[in-house]
Amino acid sequence: MTPPLHANPGAFGMLPEAPDYAASRFAILPLPYDGTTTWQNGAARGPQAILDASPALEYYDIETGTEPYREGLITMAPVEPAGTPEATIERIRAAAAALLRDGKTVVGLGGEHSVTIGLVQAHAAHFPGLSVLQFDAHTDTRDSYLGSRCNHACAMARVAELCDYVQVGIRSMDVAETARLRPGRTFYAHDHDEAAILAAIERELRDPLYVTIDLDVLDPSEMPATGTPEPGGLRYRQLTRLLAEVCRRRRVVGFDVVELMPIEGFRAPDFLAARLVYQLLAFLTAGGR
Ligand SMILES: [Mn+2]
């Protein structure tokens, strides 16, 4: 098990008291990896940028009336990349599995989207019947890409081997991926329909549920700091409204926020990512099912 970071700064949020591992419900797991990124890299700096922005968060969440940090929020040491994508994914799986064994809710901070493979492997082993909800501009369902089955473009192909999933916000894919799509489970940004998405989540996914958020699901006007800022994405509020509903209707047992590629000197996207993490913690704190 990686030792927890005890000192602020460096931990998520500028917490009023030192977090206690045993008493923490939520464990932030930084995953600074971008070994298979194709166009622009820099996502390895994403987790630290989120942690650096997080002390600017308020403890109190207006929408839910909660203070999520009171549930216990601890930041773990980063999982450092290994020599190959496969070895890195295995390290991530092992780190997440250890936290799950200790009863933590794991919050993965990416890093490129392939980190989700290790996180979902750990969650699927710990929670039989796990389903996955993916927010992303990209389908990520190539079977292999550039010689690896653990490439970021294959994240959901690996997830699909373990779990049912629904994907939301899609607006970029290869024609070969169209054959892999399952009807009623892929929702495109160009005809975003909240009611249809929620109906599909009810219909296609079971409890427990894991949520993976590739930040490029958001419109680049609000979230420009990704490797592939696809135009025409979701607004922040569209995303959080869906997440609030999902947390009410399903038992969300873990999540990740990935693909932040920080832009030097421009911290708003880093803060958005930190806020999104804390908003999801608030939805989990407010509870539902
Ligand atoms: Mn993506």
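The rules behind the values
- Residues numbered from 1 in each chain as written.
- Predicted model: local features only at pLDDT ≥ 70, side-chain atom pairs only at ≥ 80, totals over all residues.
- Heavy atoms only, no water.
- Buried < 20%, exposed > 50% of the residue type's maximum accessible area, 1.4 Å probe, protein only.
- Helix = DSSP H or I, 4+ residues; strand = E, 2+ residues; numbered from the N terminus.
- Pairing = 2+ DSSP bridges.
- Donors = N, O, S within 2.8 Å, 3.2 Å for Na, K, Ca; no water.
- Phe/Tyr/Trp six-rings, centres within 6.5 Å; stacked < 30°, edge-to-face > 60°.
- Lys NZ or Arg CZ within 6 Å of the ring centre and 35° of its normal.
- Right-handed = clockwise from strand over helix to strand, strands pointing away.

Draft legend 1. View of the pairing of strand β1 (residues 26-31). With respect to burial, β1 is a largely interior element, 6 of its 6 residues being buried. Across the two faces of β1 the burial is the same, with Phe26, Ile28 and Pro30 and Ala27, Leu29 and Leu31 all buried. Summarising the sheet, β1 and strand β2 (residues 73-75) pair through 3 bridges and their orientation is parallel. Bridge assignment links Ala27 to a residue of β2, and that residue is Ile74. Pairing between β1 and strand β3 (residues 105-110): 6 bridges, direction parallel. When the sheet's bridge partners are listed, Pro30 is paired in β3 with Leu109.

Draft legend 2. View of the coordination of the manganese ion. Distances from the manganese ion to its protein donors, Asp136 (OD), His138 (ND1), Asp214 (OD), Asp216 (OD) and Asp216 (OD), fall at 2.2 to 2.8 Å. When the donors of the manganese ion are listed by position in the chain, the intervening gaps give D-x1-H-x75-D-x1-D. Taken together, the positions of Asp136 in the loop between β4 (131-135) and α4 (155-160) and Asp216 in the loop between β7 (209-214) and α6 (236-249) put the pair 80 residues apart, joining distant regions of the chain. One exposure class covers both Asp136 and Asp216, and it is buried.

Draft legend 3. Summary view of the packing of aromatic side chains. Under the criterion given, the structure shown has 2 aromatic pairs. Ring centres of Phe12 and Tyr278 lie 6.4 Å apart, and the angle between their planes is 25°; this geometry places the pair in the stacked category. Of this pair, Phe12 sits in the segment before β1 while Tyr278 sits in helix α7 (residues 268-286), and the two are 266 residues apart along the sequence. In this pair, the class of Phe12 matches that of Tyr278, namely buried. Aromatic pair Tyr59 and Tyr69: ring centres 4.7 Å apart, planes at 45°, arrangement tilted. Linking Tyr59 in the loop between α1 (46-53) and β2 with Tyr69 in the loop between α1 and β2, this pair joins segments that are 10 residues apart in sequence. Its relative accessible area of 10% is what places Tyr69 among the buried residues. Looking at Lys104, its charged tip hangs above the ring of Tyr21, at a distance of 4.5 Å from the centre.

Draft legend 4. View of the pairing of strand β8 (residues 252-258). In terms of residue burial, β8 counts as a mostly covered element, since 7 of its 7 residues are buried. In this structure, β3 lies alongside β8, joined through 4 bridges in parallel fashion. Of the residues in β8, the one forming a bridge with Val107 is Phe255. In this structure, β7 lies alongside β8, joined through 6 bridges in parallel fashion. Residue pairing across strands places Ile213 opposite Val257, the latter belonging to β8. A crossover connection joins β7 to the parallel β8 through α6; in handedness this β-α-β unit is right-handed.

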